Amino acid sequence: MKLFGPKAQTISSPPAPGKIPRINGTTVFGVRPNSPLVFKIAATGEKPLEYKVLNLPQELAVDSKTGMISGKFSKEGIHILKIRVTNKSGKAEKELTIHVGQTLALTPPMGWNSWNAFGESVSQEKVKAVAQTMIDKGLVDHGWSYVNIDDGWQGARNAKGILEPNEKFPDMKGLSDWIHSQGLKFGIYSSPGPTTCLGLPGSWQYEEKDAATWAGWDIDYLKYDLCSYKWDIFDKAGDTSQTAWMKPFLSMRKPLDAIPRDIVYSICSYNTIPWAAKVGANLTRLLGDNRDEWMPISTSGSKIDKYWAHQRPGLWNDEDLLVVGSSGGWEGKARPNHLTPDEQYFHMSLWSLLATPLFISCDLAAADDFTISLLSNDEVIEVNQDPLGQPARLKINTPEYQVWVKELEDGTNAVGIFNLKNEHQNVTVKWSDLSINGGKVRDLWRQKNLGKFTTEFTTEVTPHGVTLIKISR
Ligand code: GLA
């Protein structure tokens with residue numbers, strides 16, 4: 001196997017999933033009335049697993065071998081499904097709440113995006129190999145579900161104005177069908193401008209045609225990236241009003257609404273606060289492109305803390321793709337990651353605390369064990385997927401370390417103690433400084449109880465590393 005990324009494991013090496021079933025991934029899911037439900041129960045444990053919904057609504061069916069739930073609701077409402085997963089070692093049960101209404105993405109979407117891995121060289125074959133790895137390496141069992149093609153799929157418009165994929169995507173519908181047959185979801189990319197950031201055709205003045213093409217491919221997700229709309233249209237018009245900013249995103253919102261399928265709308269305009277909700281966005285990009293460098297990773301959290309109140313289930317502040325595993329696809333070729341293992345733990349922990357959408361963007365088919373384990377820790381992922389949807393707040397910010405606190409739905413708190421220094425340091429945190437109650441402390445990366453700490457907690461944090469804990473009564 002080709003190795004990308006650091007070989008050495010740090011002190012934070014997560015334990016491998018056990019034999020007994022464990023149900024993972026989101027516990028709340030939004031679907032619109034009359035839209036097909038696309039949901040696969042994520043569960044680990046020794047295979048084969050048997051999936052069951054004990055109180056299956058009559059509108060739904062569940063495949064006992066794959067855990068895929070399908071069907072359609074005709075009316076708005078809330079359905080609490082009791083899920084059971086069994087194997088020869090035992091069973092797990094968990095509730096999944098389905099909200100049939102108008103809000104999608106009730107927890108941050110999780111999946112893979114092609115950009116950092118492949119840039120413009122993305123192809124059908126590469127996307128399929130990555131999706132196959134998501135299945136083979138068990139990432140789907142931890143809740144990773146979207147397979148999203150970024151810039152680089154577009155060919156030219158034909159005589160009817162329909163944008164066709166380029167020669168690297170000989171059968172887009174076939175690819176989509178295969179992705180869906182695996183219980184995964186399929187995403188596409190475009191720009192509201194005449195061209196995308198790569199200079200390929202964008203959707204400007206072809207919004208309805210493009211939406212119809214994507215409807216034909218059964219897409220579940222659209223990343224809509226400002227790119228040339230800014231310099232070709234917006235800047236030339238000289239109108240900087242909110243209405244002018246919203247216009248291109250509303251032009252695509254309308255045809256998306258007409259598609260009888262749920263499509264998560266991820267907008268990148270870098271200026272969306274506070275109007276993202278008004279254009280029906282589910283994700284809104286706040287910062288520029290992430291790089292596998294210490295500075296953007298260590299500083300992006302403090303840059304976006306002030307936007308915390310704009311985030312809620314169904315509308316997530318998007319801190320951009322995860323830069324773990326191979327990187328540099330934007331330069332045309334994937335290469336080993338420049339972040340140390342500790343910096344990658346830092347990155348994954350911060351993104352989880354911030355409740356930002358989690359998109360892996362490395363060549364997963366070539367990922368090493370370190371990368372896979374980093375992306376497979378269910379207790380860390382649960383922090384990100386917590387249904388309350390609160391982003392962590394920066395409670396202590398010194399040049400040496402930061403402490404972030406995320407309130408969770410069950411009344412507990414997740415706390416990240418991040419070391420900004422190049423050397424080990426001991427950090428002592430007083431719970432009163434974080435305005436939380438002390439109690440039992442669990443190390444989430446190691447999945448280990450550390451004991452009871454009523455007033456304060458001291459931890460040794462590795463250089464550029466993190467201690468990620470959960471505190472409960
Ligand atoms: C911009 C976006 C990236 C990626 C590229 C594609 O740079 O910020 O995430 O989508 O465009 O060209």
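Procedures and definitions
Residues numbered from 1 in each chain as written. Predicted model: local features only at pLDDT ≥ 70, side-chain atom pairs only at ≥ 80, totals over all residues. Heavy atoms only, no water. Near = heavy atom within 4 Å. Polar contact = N/O pair within 3.5 Å; in protein donor to acceptor, adjacent residues only side chain to side chain. Areas by Shrake-Rupley, 256 points an atom, 1.4 Å probe, with all protein chains shown as cover. Phe/Tyr/Trp six-rings, centres within 6.5 Å; stacked < 30°, edge-to-face > 60°. Helix = DSSP H or I, 4+ residues; strand = E, 2+ residues; numbered from the N terminus. Buried < 20%, exposed > 50% of the residue type's maximum accessible area, 1.4 Å probe, protein only. Lys NZ or Arg CZ within 6 Å of the ring centre and 35° of its normal. Pairing = 2+ DSSP bridges. Axes fitted to C-alpha atoms, helices over the stretch in contact; angles between N-to-C directions. Contact = heavy atoms within 4.5 Å. Arc of directions from axis to C-beta. Domains from an automatic or database assignment. Buried area = accessible area lost by both parts, 1.4 Å probe. Salt bridge = Lys/Arg side-chain N within 4 Å of Asp/Glu carboxyl O. Disulfide = S-S within 2.5 Å.

*Asks:* Even after reading the chapter, I still don't get the site of the ligand, so can you show me in this structure?
*Replies:* The local shell around the ligand consists of Trp115, Asp150, Asp151, Tyr189, Cys197, Leu198, Lys223, Asp225, Tyr270, Arg285 and Asp289. One nitrogen or oxygen atom from the side chain of Asp151 is found 2.7 Å from an oxygen atom belonging to the ligand. Computed on the free molecule, the ligand has an accessible area of 310 Å², of which 92% lies beneath the protein chains in the complex.

*Asks:* Would you take a moment to explain the packing of aromatic side chains for this structure?
*Replies:* Two numbers describe a pair of aromatic rings. These are the distance of the centres and the angle of the planes. In the structure shown here, the tally under the stated rule is 16 aromatic pairs. Taking 6.0 Å as the distance between ring centres and 85 degrees as the angle between the ring planes, the aromatic pair formed by Tyr224 and Phe249 counts as edge-to-face. On the criterion of sequence distance, the pair formed by Tyr224 in strand β15 (residues 221-225) and Phe249 in helix α6 (residues 242-257) is long-range, its members being 25 residues apart. With a centroid separation of 5.8 Å and 35 degrees between ring planes, the pair formed by Phe249 and Trp275 is classed as tilted. With a gap of 26 residues between them, Phe249 in helix α6 and Trp275 in the loop between β16 (264-268) and β17 (283-285) connect regions that are remote in the sequence. In this pair, the class of Phe249 matches that of Trp275, namely buried. Taken together, the ring pairs in this structure connect Tyr224, Phe249, Tyr265 and Trp275 into an aromatic cluster. If you follow Arg157 out to its NZ or CZ, it ends over the ring of Tyr206, 3.8 Å from the centre.

*Asks:* It is not clear to me how the sheet that holds strand β24 (residues 439-443) should be interpreted in this structure. Could you clarify?
*Replies:* For sheets, the rule is that strands pair by backbone hydrogen bonds, running either parallel or antiparallel. Taken in spatial order, the six strands of this open sheet run β20-β21-β22-β27-β24-β25, and their pairing is antiparallel. Each of the sheet's edge strands pairs with one partner strand only, and the pair in question is β20 (393-397) and β25 (448-453). Each neighbouring strand pair of the sheet contributes to a mean axis angle of 25 degrees, computed without reference to strand direction. Here β24 pairs with β25 via five bridges, running antiparallel. By the bridge assignment for β25, Asp443 is matched with Lys448. In this fold helix α7 (residues 294-304) packs onto β20, β21 (401-407) and β22 (413-419), with an angle of close to 50 degrees to the strand it touches most, β21. Sitting on the sheet, helix α8 (residues 341-353) touches β21, β22 and β27 (466-472), and the angle it makes with β22 is about 145 degrees.

*Asks:* In this structure, what is going on with helix α4 (residues 207-216)? I would like to understand it.
*Replies:* Working note: α-helix, 3.6 residues per turn, so residues spaced by three or four point in the same direction. Buried residues of α4: Glu207, Asp210, Ala211, Thr213 and Trp214, and no others. Along the long axis of α4, the arc covered by the buried residues comes to 155 degrees, so they all point the same way. Where α4 is buried, its residues contact β12 (154-157), β13 (163-165), β14 (185-190), β15 and α6. Directly after α4, the chain includes Asp218, whose backbone phi takes a positive value near 60 degrees.

*Asks:* Looking at this structure, how should I read the domain arrangement of the protein?
*Replies:* It is common to give the size of an interface as the accessible area lost on bringing the parts into contact. Looking at the protein, the domain boundaries give domain 1 (27-100), domain 2 (110-384) and domain 3 (393-472). Across the boundary between the two partners, domain 2 contributes 23 residues, which contact 22 residues of domain 3. Here domain 2 and domain 3 share an interface that buries about 2100 Å² over both sides, 64% of which is from carbon and sulfur atoms. In terms of surface lost to domain 3, no three residues of domain 2 exceed Phe346, Leu353 and Glu379, which account for 29% of the buried area on that side. Linking domain 2 with domain 3 are two salt bridges, by the criterion used here. Arg393 is the salt-bridge partner of Asp305, the closest N and O atoms lying 3.1 Å from each other. Where domain 2 packs against domain 3, one counts eleven residue pairs in polar contact (both at pLDDT 80 or more). Elements that contribute at least two residues to the side of domain 2 that touches domain 3 include exactly α7, α8 and α10 (378-384).

*Asks:* Could you clarify how one ought to interpret the state of the cysteines in this entry?
*Replies:* Each disulfide is one covalent bond, formed between the sulfur atoms of two cysteines. Within the structure shown, the criterion is met by one disulfide. With its sulfur 1.9 Å from that of its partner, Cys197 forms a disulfide with Cys227. With the S-S bond torsion at -90 degrees, the cross-link from Cys197 to Cys227 turns out left-handed. Highlighted residues: Cys197 in the loop between β14 and α4 and Cys227 in the loop between β15 and α5 (228-237), separated in sequence by 30 residues. For Cys268, which is in no disulfide, the shortest distance to another cysteine sulfur is to Cys227 and amounts to 7.7 Å. Note on Cys268: relative accessible area 1%, which makes it buried. Distance from the sulfur of Cys362, which forms no disulfide, to the nearest cysteine sulfur (Cys268) is 20 Å.

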